[in-house]
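Listed below, chain by chain, are the residues.
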Amino acid sequence: DAADQLRAFVDVGGTLVETAEDYGGGAAQQVLGGLLRGTVRRDDVVLAGRGTAAPDAGERASRTALLRSLDRTLRRLGTEHLDLWQFPGWDPRVPLDETLSAVQVAVYSGRVRYAGLVAPAGWQLATVAGGATAGPDPAVCRPGSAQVEYSLLAREPEAELLPAARHHGPGLLAWA
């Protein structure tokens, strides 16, 4: 059924496929990886992966936790890179520079094309965007997206996040 759904999605012009370690404890990524090898071509989709941390990974936004999560995701998907890597951009236990350095490592190593944030508040998006511009290579770390719950019933992003995104430039990936 998953193969039929993915093929129908791509056949009608769908491109963005998002996944995370949390979806079925990694099983969803393994299924998707198999589909990318036999149902549709990897180049036919924009593959977005959400960085999460396993319970033993410690601080979610640490360089080590993020890069380990990314490598597990790439292995399960059977691909060399993600087009969009969405990571938890705010962890008060981890210096922002450390989190952004993980993004630089991922981009420079070819494992990630662009990075985005998962569920940021507007001030968090602005802080990350500002931190990215202060780094050695601003274009690498500047968020390309912000993924947030946004629907007819969930309007909270309109007050703070949407103006921040409009000002700093990332696209909005709405869920729910």
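This section reports on the structure supplied with the text. (Residues numbered from 1 in each chain as written. Predicted model: local features only at pLDDT ≥ 70, side-chain atom pairs only at ≥ 80, totals over all residues. Heavy atoms only, no water.)

1. Notes on the overall build of the chain
Working step 1: From N to C terminus, the chain includes seven helices and six strands.
Working step 2: Helices and strands appear in the chain in the N-to-C order α-β-α-β-α-β-α-β-α-α-β-α-β.
Working step 3: The globule rule puts the C-alpha radius of gyration for 176 residues at 16 Å, and the 16 Å found for the chain is close to it.
Working step 4: On the principal axes, the C-alpha backbone points of the chain span a range of 45 × 35 × 30 Å.
Working step 5: Considering the chain as a whole, with its 176 residues, one finds that 48% of them fall into the buried category. (Helix = DSSP H or I, 4+ residues; strand = E, 2+ residues; numbered from the N terminus. Rg over C-alpha atoms; globule rule 2.2 N^0.38 Å. Buried < 20%, exposed > 50% of the residue type's maximum accessible area, 1.4 Å probe, protein only.)

2. Comments concerning the pattern of salt bridges
Working step 1: The full count for this structure, using the stated rule, is eight salt bridges.
Working step 2: A salt bridge links E18 to R50; the shortest N-O distance between them is 3.2 Å. Residue E18 is found in strand 1 (residues 16-20), and its partner R50 is found in strand 2 (residues 46-50); the two are separated by 32 residues along the sequence.
Working step 3: Connected through shared salt-bridge partners, E21, R72 and R76 make up one network. (Salt bridge = Lys/Arg side-chain N within 4 Å of Asp/Glu carboxyl O.)

3. Looking at the packing of helix 1 (residues 2-11) against helix 2 (residues 27-38)
Working step 1: For the pair helix 1 and helix 2, the least separation of the axes is 10 Å and the interaxial angle reads 60°. For the element pair helix 1 / helix 2, the angle class is oblique. For the pair helix 1 and helix 2, the sense of crossing is right-handed. Residues A2, A3, L6 and R7 of helix 1 form the contact with helix 2, whose participating residues are V31, L32, L35 and G38. (Axes fitted to C-alpha atoms, helices over the stretch in contact; angles between N-to-C directions. Parallel < 35°, antiparallel > 145°, perpendicular 65-115°, else oblique. Left-handed = near helix turned anticlockwise from the far one by under 90°. Contact = heavy atoms within 4.5 Å.)

4. Things to note about the environment of Y108
Working step 1: If you trace the backbone, Y108 turns up in helix 4 (residues 96-108).
Working step 2: You can call Y108 exposed: its relative accessible area is 52%.
Working step 3: Separated by 32 residues in sequence, Y108 and V140 place their C-alpha atoms 8.4 Å apart.

5. A short note on the packing of helix 3 (residues 63-77) against helix 4
Working step 1: The interhelical angle for the contact between helix 3 and helix 4, taken along N-to-C directions, is 35°, at an axis separation of 8 Å. Once helix 3 is placed against helix 4, the crossing between them reads as right-handed. Here helix 3 contributes R63, L66, L67 and L70 to the contact with helix 4, which in turn contributes E98, T99, S101, A102, V105 and A106.
Working step 2: By residue class, the composition of the contact of helix 3 with helix 4 is six nonpolar, two polar and two charged. (Nonpolar A, V, L, I, M, F, W, Y, C, P; charged D, E, K, R; others polar.)

6. Concerning the side chain of T39
Working step 1: Mapped onto the secondary structure, T39 falls in the loop between helix 2 and strand 2.
Working step 2: Residue classification places T39 among the buried residues on the basis of a relative accessible area of 14%.
Working step 3: In contact with T39, not counting residues within four places along its chain, are A3 and R7.

7. Re the packing of aromatic side chains
Working step 1: Following the criterion strictly, the structure yields one aromatic pair and no others.
Working step 2: Relative to F87, the ring of W85 lies with its centre 5.9 Å away and its plane at 45°, an arrangement referred to as tilted. Both residues of the pair, W85 and F87, belong to the buried class. (Phe/Tyr/Trp six-rings, centres within 6.5 Å; stacked < 30°, edge-to-face > 60°.)

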